[in-house]
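# Structural characterization, general
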Amino acid sequence: MRLGRIGVPGAETPVVIDRTGATFALTALTADIDGDFLASGGIDRVGEALAEGSLPAVDTAGRRVGAPVARPGKVVCIGLNYRDHAAETGAAVPERPVVFMKDPSTVVGPYDRVLIPRGSVKTDWEVELAVVIGREARYLASPAEAGACIAGYTISNDVSEREFQLEYSAQWDLGKSCETFNPLGPWLVTSDEIADPQSLGLRLTVNGEVRQDGDTKNMIFDVAYLVWYLSQYMVLRPGDVINTGTPAGVALGLPGTPYLRGGDTVELSIDGLGTQRQTFVNA
């Protein structure tokens, strides 16, 4: 299934898209797609309702698509998780996952405008596979237990301001948590739909020009390992999001460092997860 949220910010309608592409409202089952919904077996309830044919169809034409998960408790990010990205930025390949946090309020819809911060000259893009947690992960015994804790997957644009990130502080937070800096979606694709999260192509274009073209098979630390690893240091709760890293092709590592400017359009896609598109505007 593909789960999503349709409507104006703060008043989205939860929906499900079935295998035929038909869209149905979930308002009879839940007020929103959030941690409580995921923790209480919401995905199973939606599957049962779909099978029964009891959900009302909804017309999505012309309506905004919101982030597929409302109010994530936390957004945990993994840096330098592709060898080619580490190489292009001049960083050593990490021996352990590089972990940082992103303000959950940065999460916006997949087609919403993204604001280039005031004073920014180095706003950058990053297409990433995002993992949505569906069951509490706490001190998992091994990566083999991680799959049972994953509700599904979606696309994340881990937008970054490199000057803020790398030159203004020893920590990365300043360049990662600017407003609108985490477009998410369009859909939460349930984990049963993704046979192998380590075999997904990722692509990103800027104004139609290909900038990133990678594959999750090239992650240094795979999805199962990351969920297990993080569970040793923090409790992952339903609705939390993990951004798993980006392949090569970011502006920071390209000749001429072609950072984003007002009016630029970025389009991202991941196999099986859909496409998102943003226009960047000055804040």
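Rules used in this analysis
Residues numbered from 1 in each chain as written. Predicted model: local features only at pLDDT ≥ 70, side-chain atom pairs only at ≥ 80, totals over all residues. Heavy atoms only, no water. Buried < 20%, exposed > 50% of the residue type's maximum accessible area, 1.4 Å probe, protein only. Helix = DSSP H or I, 4+ residues; strand = E, 2+ residues; numbered from the N terminus. Pairing = 2+ DSSP bridges. Salt bridge = Lys/Arg side-chain N within 4 Å of Asp/Glu carboxyl O. Polar contact = N/O pair within 3.5 Å; in protein donor to acceptor, adjacent residues only side chain to side chain. Contact = heavy atoms within 4.5 Å. Axes fitted to C-alpha atoms, helices over the stretch in contact; angles between N-to-C directions.

With that out of the way, let us pick up the pairing of strand E1 (residues 2-6). The buried fraction of E1 is high, at 4 of 5 residues. Taken together, E1 and the strand that follows it, strand E2 (residues 13-17), pair antiparallel across an intervening segment of 6 residues, in which Gly7 is found at a positive phi of about 135 degrees.

So, on to the pattern of salt bridges. Evaluation of the coordinates by the stated rule reveals 17 salt bridges. Arg71 is the salt-bridge partner of Asp32, the closest N and O atoms lying 3.7 Å from each other. In this pair, Asp32 sits in the loop between strand E3 (23-25) and helix H1 (35-39) while Arg71 sits in the loop between helix H2 (42-52) and strand E4 (75-79), placing the two residues 39 residues apart along the sequence. Close ionic contact of Lys176 with Asp158 constitutes a salt bridge, the shortest N to O distance being 3.0 Å.

Attention shifts here to the side chain of Asp124. Counting through the fold element by element, Asp124 comes out in strand E8 (residues 123-124). Within the structure, Asp124 has its side chain in polar contact with the backbone nitrogen of Ala251 (distance 2.8 Å). With near-sequence residues (within four places) excluded, Asp124 lies in contact with Val159, Ser160, Arg162, Val250, Ala251, Leu252, Tyr259 and Leu260.

What follows is about helix H6 (residues 223-231). Counting buried positions along H6 gives 7 out of 9 residues, so the element sits mostly inside the fold. The set of residues buried in H6 consists of Val223, Leu226, Val227, Trp228, Tyr229, Leu230 and Ser231. Next to the buried residues of H6 lie E4, strand E5 (98-102), strand E9 (127-133), strand E10 (150-157) and strand E16 (241-243).

On to the side chain of Thr123. Looking at the element boundaries, Thr123 is found in strand E8. In this structure the side chain of Thr123 is engaged in a polar contact, spanning 2.6 Å, whose partner is the side chain of Ser120. With near-sequence residues (within four places) excluded, Thr123 lies in contact with Ile116, Pro117, Val159, Ser160, Glu161, Phe181, Tyr259, Leu260 and Phe280.

This part is about the pairing of strand E18 (residues 274-282). Bridge analysis of strand E7 (residues 114-116) against E18 gives 3 bridges, and the strand direction is parallel. Along E18, the bridge assignment pairs Ile116 with Asn282.

Next up on the list: the environment of Pro143. Within the element layout of this structure, Pro143 appears in the loop between E9 and E10. Pro143 sits 97 residues away from Val46 along the chain, and the two C-alpha atoms are 28 Å apart. With residues up to four places along the chain from it excluded, the contact list for Pro143 reads Ala224, Tyr225 and Trp228.

Overall, mixed pairing links the 9 strands, which are arranged E3-E2-E1-E13-E10-E9-E16-E4-E5 in an open sheet. Strand pairing shows two members of the sheet lacking a second neighbour, E3 and E5, which therefore form its edges. Averaged over all adjacent pairs, the angle separating strand axes in this sheet is 30 degrees, with direction ignored. Here E2 pairs with E3 via 3 bridges, running antiparallel. Within the sheet, the bridge partner assigned to Val16 lies in E3 and is Phe24.

With an omega dihedral of 20 degrees, the bond running from Gly185 to Pro186 counts as a cis peptide bond. When you line up the elements, Pro186 lands in the loop between strand E12 (182-183) and strand E13 (188-190). One non-glycine residue, Asn207, lies in the positive phi region at around 50 degrees. Note that Asn207 resides in the loop between strand E14 (201-206) and strand E15 (209-215).

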